[in-house]
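Observations on chain architecture
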Amino acid sequence: MAINVGSGGADKPLSDINTTPLVDVMLVMLIIFLIAVPVVVQNVKVKLPDVRFEATATKPENVSLVVRGGPAGECEVYWNRTPVTSKELLDRAVAKLKAEIERQGGPNAPGVELPEAHIRGDVDTPYRCIGGTIYTMQQAGFAKVGFISEPPPQGTTER
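Notes on the structure follow. (Residues numbered from 1 in each chain as written. Predicted model: local features only at pLDDT ≥ 70, side-chain atom pairs only at ≥ 80, totals over all residues. Heavy atoms only, no water.)

**Details of the state of the cysteines**
Enumeration over the complete set of coordinates arrives at 1 disulfide. Disulfide pairing is shown between Cys 75 and Cys 129; the S-S distance is 2.0 Å. A torsion of -75 degrees about the S-S bond marks the disulfide between Cys 75 and Cys 129 as left-handed. Of this pair, Cys 75 sits in strand β2 (residues 75-79) while Cys 129 sits in helix α3 (residues 127-140), and the two are 54 residues apart along the sequence. (Disulfide = S-S within 2.5 Å. Helix = DSSP H or I, 4+ residues; strand = E, 2+ residues; numbered from the N terminus.)

**Concerning the pairing of strand β4 (residues 117-121)**
The sheet contact formed by strand β1 (residues 63-69) and β4 spans 5 bridges and is parallel. Looking across to β4, one finds that Val 63 is bridged to Ala 117. In terms of strand pairing, β4 meets strand β5 (residues 145-147) through 3 bridges, oriented parallel. Residue pairing for β5: His 118 is matched across the bridge by Gly 146. As for the winding sense of the linkage, the β-α-β connection from β4 through α3 to β5 is right-handed. (Pairing = 2+ DSSP bridges. Right-handed = clockwise from strand over helix to strand, strands pointing away.)

**Considerations on the packing of helix α2 (residues 86-103) against α3**
Packed helix pairs are specified by the crossing angle of their axes together with the interaxial distance, meaning the distance between the axes. Direction vectors running N to C along α2 and α3 enclose 35 degrees, while the axes themselves pass 8 Å from each other. Where α2 crosses over α3, the two elements pack in a sense that is right-handed. Where α2 approaches α3, its residues Ser 86, Leu 89, Leu 90, Ala 93, Val 94 and Leu 97 are matched on the opposing element by Thr 133, Thr 136, Met 137, Gln 139 and Ala 140. Classifying every residue of the contact of α2 with α3 by side-chain character gives 7 nonpolar, 4 polar and no charged. (Axes fitted to C-alpha atoms, helices over the stretch in contact; angles between N-to-C directions. Left-handed = near helix turned anticlockwise from the far one by under 90°. Contact = heavy atoms within 4.5 Å. Nonpolar A, V, L, I, M, F, W, Y, C, P; charged D, E, K, R; others polar.)

**Focus on the nonpolar core**
Leu 65, Trp 79, Leu 89, Met 137 and Phe 142 are the most contacted members of the largest nonpolar core, which totals 18 residues. For this core, the secondary structure elements donating two or more residues are β1, β2, α2, β4 and α3. Sort the elements by how many residues they give to this core and α3 lands first, with 5 residues. The residues contacting Trp 79, other than those within four sequence positions of it, are Val 63, Ser 64, Leu 65, Val 84, Leu 89, Arg 92, Ala 93, Lys 96 and Met 137. (Core = buried A, V, L, I, M, F, W, Y, C linked by side-chain atoms within 4.5 Å. Buried < 20%, exposed > 50% of the residue type's maximum accessible area, 1.4 Å probe, protein only.)

**Let's talk about a nonpolar patch on the surface**
Together, Leu 22, Val 25, Met 26, Met 29, Phe 33 and Val 37 make up a nonpolar patch on the protein surface, roughly 590 Å² of accessible area in all. Position of Met 29 among the secondary structure elements: in helix α1 (residues 20-41). (Patch = residues over 30% accessible without salt bridge, like charges linked within 9 Å, V, L, I, M, F, W, Y side chains within 5 Å. Areas by Shrake-Rupley, 256 points an atom, 1.4 Å probe, with all protein chains shown as cover. Salt bridge = Lys/Arg side-chain N within 4 Å of Asp/Glu carboxyl O.)

If you want it as structure tokens, here you go:
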């Protein structure tokens with residue numbers, strides 16, 4: 001490597017810039033990015049459901065539940081408009097399911113359609129309240145537990 005000591009006196013600044021360290025750093029960064037980018041870009045391809053609004057056919061045998069968080073942090077569950085505890089919810093759900101199966105001709109009757117549980121959950125409801133209600137309804141034997149939501153205002157494209 002050569003060094004330029006300059007000619008013409010000590011007061012004249014050198015105007016040559018050594019770019020070798022800059023090129024070395026840029027090459028190292030390029031290699032790092034070439035290795036790191038494929039790791040970040042990897043993902044598992046899935047097709048997410050495009051559910052914006054589905055009209056619900058309400059049948060009289062379906063169970064309508066409302067779940068919300070109470071002022072002291074407790075969970076409030078309403079069967080139609082009647083407040084119920086977790087034990088009462090399980091007992092009522094089992095009784096409803098048994099009555100509906102018997103009404104349709106028993107468990108071995110052809111074409112037995114089980115009722116569904118529809119849950120309306122408040123936006124500020126803790127997840128443990130919603131999850132507990134789902135668990136209780138599934139424990140009672142309800143195979144279909146769905147959520148009732150409010151569709152977005154017309155003209156919005158928000159997801």
